[in-house]
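Commentary on secondary and tertiary structure
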Amino acid sequence: LHPGLAGELGYDSNFFAGAGVDPANAVAEPIVPALALRVTPSLAIQTLGTDRKPTDGAAASPPKVDFRSKLAARLTQLYSLDSDYQEAVSLRTLIGADLDSRVAILPGRPWGADIGLNFSRVEQPNNNPSETATASDRNVVGGSFGVRFQPGGGALEWSLGYQAQMTIFDDTAFGLNRVVHGPRTQGRWKFLPKTALLYDGGVAFVRHTQPNSRQTDANPVSSQLGINGLISPRLSVLVMGGWKAMFYEVDRAGNIDDFDGPIGRAEVTWYLGNSTEQLAAPEVGASTVTLGYQRDVVPSNVGNFFAMDRIFADLAYTVGGALTLGLSSSVTLLDHSVPRAADGTPLTPDGEGLLEVRPSARLNAEYRLTNTLALVGSAEFSASPSNRYLAIRADNRVIGNDNLKYFRFTSFLGARWFM
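Residues numbered from 1 in each chain as written. Predicted model: local features only at pLDDT ≥ 70, side-chain atom pairs only at ≥ 80, totals over all residues. Heavy atoms only, no water.

**As for unusual backbone geometry**
Notably, Leu106 is not glycine yet its phi reads approximately 55 degrees, a positive angle. Mapped onto the secondary structure, Leu106 falls in the loop between strand E6 (92-105) and strand E7 (111-122). The class for Leu106 is partly exposed, based on a relative accessible area of 33%. Positive phi values are uncommon outside glycine, yet Phe247 reaches one of about 55 degrees. As for its position among the elements, Phe247 is in the loop between strand E14 (235-245) and strand E15 (260-271). Taking relative accessible area as the criterion, Phe247 reaches 48% and is therefore assigned partly exposed. (Helix = DSSP H or I, 4+ residues; strand = E, 2+ residues; numbered from the N terminus. Buried < 20%, exposed > 50% of the residue type's maximum accessible area, 1.4 Å probe, protein only.)

Set out below in structure tokens:
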């Protein structure tokens, strides 16, 4: 049982991720800086392991049920630094939450099962501090069940299960609520001590639950095969590649926007410390440098979907068990399908899809003063530099234009107590 509590004071240079006010293009997205006071209580619960039980030895059998759950809430009090938007921002409290629970039945046995439950309350103010300020606030609820097969010594492990996720937006005028569910199978065959072949495949059913939705249903199918392992004592490689088809249905006007193409991921990780110890106990915080590339396609809130090409670099560094640094950076190309209204009318000026380039960088730091108290800090930059316009429609009427351009910098400093 591990409770925790963090308190942070921060600054947000562009709380609404606005592009600015542009009367010529009917865009009213003011750039509003704000101070934020964030409190994050948390609780982690997990089954007591055999190493924590004085009556069990090293040869003790694993438990029949292994339970792990993490719960965190985010309470953010905002204070506008622009006097024109005191009412829209100040004295406003954002409430977010995350829950992730996993139950493994008969872990380590030839046959077993896994059950998962997750919930997120996402608070995401969007562009216009008046009409569309809460358009992206939503609740995401998900669950999964799978049967696991692990014969012999565990060289082969395979699972077959079913996953479901429901997304419910606070603002129903935009018709973005949806349910995604379907079967999924994953496998791993360890043919060397620290190298394994991987497989991941599944079918999903994307269903939009509101009659005023401007998006169409889909039945994506994906399949990937890859390899993960050490190629030297300090260097590991992960390569996954495959194919994905979205199979979108035709909308009311006879339009169809679909995707059928390759997806995958490639990563190279360099271990800065003792790689053998890190691989044996990765939870202690290994020092690593990772470079990678990812390609995928997922349902979107702009068009029906976007194809994503992402190049990223991550650094995780631990000094003396007291100072932990994390630095991540990426450049992502988003290729949105044509955004359309519910009647099939394109919502872009040229009637085509949207291309976005989004650079981002994030730094996290934690310094442990004692075994239960630490100073924490973070700084993050994100942007979409180019002007990309999208007509905003709600309840079958145009209420303005949205420019996807923004520049945003946030930073927080505080402390956390944990057990």
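**Notes on the environment of Phe259**
Among the secondary structure elements, Phe259 is positioned in the loop between E14 and E15. Look at Phe259 and you get buried, because its relative accessible area is 11%.

**Remarks on the side chain of Lys244**
Summarising the element assignment, Lys244 is placed in strand E14. On the basis of relative accessible area, Lys244 is assigned to the buried category, the value being 13%. In terms of polar contacts, Lys244 uses its side chain to reach the backbone carbonyl oxygen of Val297, at 2.8 Å. (Polar contact = N/O pair within 3.5 Å; in protein donor to acceptor, adjacent residues only side chain to side chain.)

**Some words on the pairing of strand E8 (residues 138-149)**
As judged from the 12 bridges shared by E7 and E8, these two strands associate in the antiparallel manner. Within E8, the position partnered with Gly112 by the bridge is Arg148. Here E8 folds back onto strand E9 (residues 156-169) in antiparallel fashion, the turn holding six residues, of which Gly152 has a positive phi close to 60 degrees. (Pairing = 2+ DSSP bridges.)

**Examining the confidence of the model for the chain**
Low pLDDT means the predicted atomic positions in that stretch should not be read closely. Model confidence for the chain is summarised by a mean pLDDT of 88, while 89% of its residues fall at 70 or above. Note on residues 275-285: pLDDT under 50 across the span, and 12 contacts to partners over four residues away in sequence or across chains. (pLDDT = per-residue confidence, 0-100. Contact = heavy atoms within 4.5 Å.)

**Some details on the pattern of salt bridges**
Under the criterion given, the structure shown has 18 salt bridges. A salt bridge links Asp100 to Arg102; the shortest N-O distance between them is 3.1 Å. Accessibility expressed as a relative area gives 35% for Asp100, which makes it partly exposed. Residue classification places Arg102 among the partly exposed positions, given a relative accessible area of 39%. (Salt bridge = Lys/Arg side-chain N within 4 Å of Asp/Glu carboxyl O.)

**Quick look at the packing of aromatic side chains**
One pass over the full model with this rule turns up six aromatic pairs. Seen from their ring centres, Phe15 and Phe16 are 4.9 Å apart, and the 75 degrees between their planes marks the pair as edge-to-face. Each member of the pair, Phe15 as well as Phe16, carries the same accessibility label: buried. Judged by centre distance (6.3 Å) and plane angle (65 degrees), the rings of Phe259 and Phe305 are edge-to-face. Of the two residues, Phe259 is situated in the loop between E14 and E15 and Phe305 in strand E17 (residues 305-319); the sequence distance between them amounts to 46 residues. Given the relative accessible area of 6%, Phe305 is considered buried. Cluster of aromatic residues (ring-pair linked, three or more members): Tyr248, Phe259 and Phe305. Its guanidinium or amino end placed over the ring of Phe412, Arg38 lies 3.8 Å from that ring's centre, counting from NZ or CZ. The ring of Phe418 carries the charged tip of Arg416 above its face, separated from the ring centre by 4.2 Å. (Phe/Tyr/Trp six-rings, centres within 6.5 Å; stacked < 30°, edge-to-face > 60°. Lys NZ or Arg CZ within 6 Å of the ring centre and 35° of its normal.)

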